[in-house]
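# Remarks on the overall topology
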Amino acid sequence: MVTNIQTQLLGRDVSFPVEESRFAYWLVVLRLIVGWWFLHAGLDKFLAWPFDASWFVGGAAAQTSLGPVVTLFSDGILLSFTNIMVPLGQTLIGLGLIVGALTRLAAFFGAFLMTFFYFINGETGGWAHGVITGDLLGLLIFAMIATLGAGRVLGVDACLAKTSFVRDHPRLRYLIG
């Protein structure tokens with residue numbers, strides 16, 4: 001199985017063949033594992049509804065470097081928005097990765113969430129044993145999934161990339177892959 005990965009890196013077109021089927025399967029396994037991780041996290045929050053993020057955005061985040069931004073979401077309508085969007089976002093990110101649809105978009109939002117988790121969890125004691133944590137590794141895995149075009153290997157993005165709609169709108173390549 002030979003898959004040609006075509007992507008952009010720092011504004012330059014990059015293309016490399018994945019001739020080794022083990023690498024292509026590794027991308028699929030990685031995508032499935034991270035997808036299940038986020039799908040499970042989102043569904044757990046829905047099953048234990050109502051989800052309340054106030055302990056995180058109002059409590060844990062208040063004394064961190066992201067506190068001025070995150071605490072804006074600690075009450076009122078922004079807290080209600082957060083309480084819905086975190087489980088919904090995690091579920092959609094997980095589904096997107098599992099089926100390989102809009103993989104770059106899903107990986108971007110996964111990395112976005114992991115950035116918040118990394119800094120807030122780290123600054124509230126998670127870095128007691130060093131700055132390399134599970135949140136940082138999750139962030140790096142999302143970056144790897146996005147840059148290596150993991151959705152184009154046994155994913156819906158492989159079919160989407162061949163459509164005339166995507167060919168006619170080349171900016172959509174930034175969302176799939």
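A separate point is the packing of helix H4 (residues 76-99) against helix H5 (residues 103-126). Direction vectors running N to C along H4 and H5 enclose 135 degrees, while the axes themselves pass 9 Å from each other. On the basis of their axis angle, the class for H4 and H5 is oblique. At the point where H4 passes H5, the crossing takes the left-handed sense. Residue-level inspection shows Gln90, Ile93, Gly96 and Leu97 of H4 in contact with H5, the latter providing Thr103, Ala106, Phe109, Gly110, Leu113 and Phe117. In terms of residue class, the contact of H4 with H5 is made up of six nonpolar, four polar and no charged.

Among the surface-exposed residues, Leu43, Phe46, Leu47, Trp49, Phe81, Ile84, Met85, Leu88, Leu92 and Leu95 lie close enough to one another that they form a single nonpolar patch of about 950 Å² accessible area. Broken down by secondary-structure element, the contributors of at least two residues to the nonpolar patch are helix H1 (21-47) and H4. Here the nonpolar patch gets six residues from one element, more than from any other, and that element is H4. Within the fold, Phe46 resides in helix H1. Judged by relative accessible area, which is 32%, Phe46 ranks as partly exposed.

On to unusual backbone geometry, then. For the bond from Trp49 to Pro50, the omega torsion is 10 degrees, close enough to zero to count as cis. Residue placement: Pro50 occurs in the loop between H1 and helix H2 (54-60). Even without being glycine, Leu102 reaches a positive phi, approximately 50 degrees. Residue placement: Leu102 occurs in the loop between H4 and H5. On the basis of relative accessibility, which here comes to 38%, the residue Leu102 falls in the partly exposed class. Phi at Leu154 takes a positive value of approximately 55 degrees, unusual for a residue other than glycine. By relative accessible area, which is 56% here, Leu154 ends up exposed.

Moving on, we come to the nonpolar core. The nonpolar side chains of a soluble globular protein tend to be buried, and buried together. Ranked by size, the top nonpolar core spans 27 residues in total, and within it Phe38, Ile93, Leu97, Phe142, Ile145 and Val153 carry the most contacts. The set of elements that each furnish at least two residues to this core consists of H1, H2, H4, H5 and helix H6 (134-147). The dominant element in this core, judged by the number of residues it contributes, is H5, at seven residues. Beyond its immediate sequence surroundings of up to four residues, Ile93 is in contact with Phe38, Ala106, Phe109, Gly110, Leu113 and Phe142.

Mapped onto the elements of the fold, Asn83 is located in helix H4. Excluding its chain neighbours within four sequence positions, the residues that come into contact with Asn83 are Trp49, Phe51, Asp52, Ala53 and Ser54.

Let's shift gears to the packing of aromatic side chains. All chains considered together, the criterion is met by seven aromatic pairs. Taking the centre distance of 6.4 Å and the plane angle of 20 degrees together, the rings of Trp37 and Phe142 count as stacked. Of the two residues, Trp37 is situated in helix H1 and Phe142 in helix H6; the sequence distance between them amounts to 105 residues. Here Phe142 falls in the buried class, since its relative accessible area comes to 0%. Each ring, one from Phe38 and one from Phe142, has its centre 5.1 Å from the other, and the planes form 85 degrees; the classification is edge-to-face. You can see Phe38 sitting in helix H1 and its partner Phe142 sitting in helix H6, a full 104 residues away along the chain. In this structure Phe38 comes out as buried when scored by relative accessible area, which is 2%. Among the aromatic residues, ring-to-ring pairing joins Trp37, Phe38 and Phe142 into one connected group.

Rules of the game
Residues numbered from 1 in each chain as written. Predicted model: local features only at pLDDT ≥ 70, side-chain atom pairs only at ≥ 80, totals over all residues. Heavy atoms only, no water. Axes fitted to C-alpha atoms, helices over the stretch in contact; angles between N-to-C directions. Helix = DSSP H or I, 4+ residues; strand = E, 2+ residues; numbered from the N terminus. Parallel < 35°, antiparallel > 145°, perpendicular 65-115°, else oblique. Left-handed = near helix turned anticlockwise from the far one by under 90°. Contact = heavy atoms within 4.5 Å. Nonpolar A, V, L, I, M, F, W, Y, C, P; charged D, E, K, R; others polar. Patch = residues over 30% accessible without salt bridge, like charges linked within 9 Å, V, L, I, M, F, W, Y side chains within 5 Å. Areas by Shrake-Rupley, 256 points an atom, 1.4 Å probe, with all protein chains shown as cover. Salt bridge = Lys/Arg side-chain N within 4 Å of Asp/Glu carboxyl O. Buried < 20%, exposed > 50% of the residue type's maximum accessible area, 1.4 Å probe, protein only. Core = buried A, V, L, I, M, F, W, Y, C linked by side-chain atoms within 4.5 Å. Phe/Tyr/Trp six-rings, centres within 6.5 Å; stacked < 30°, edge-to-face > 60°.

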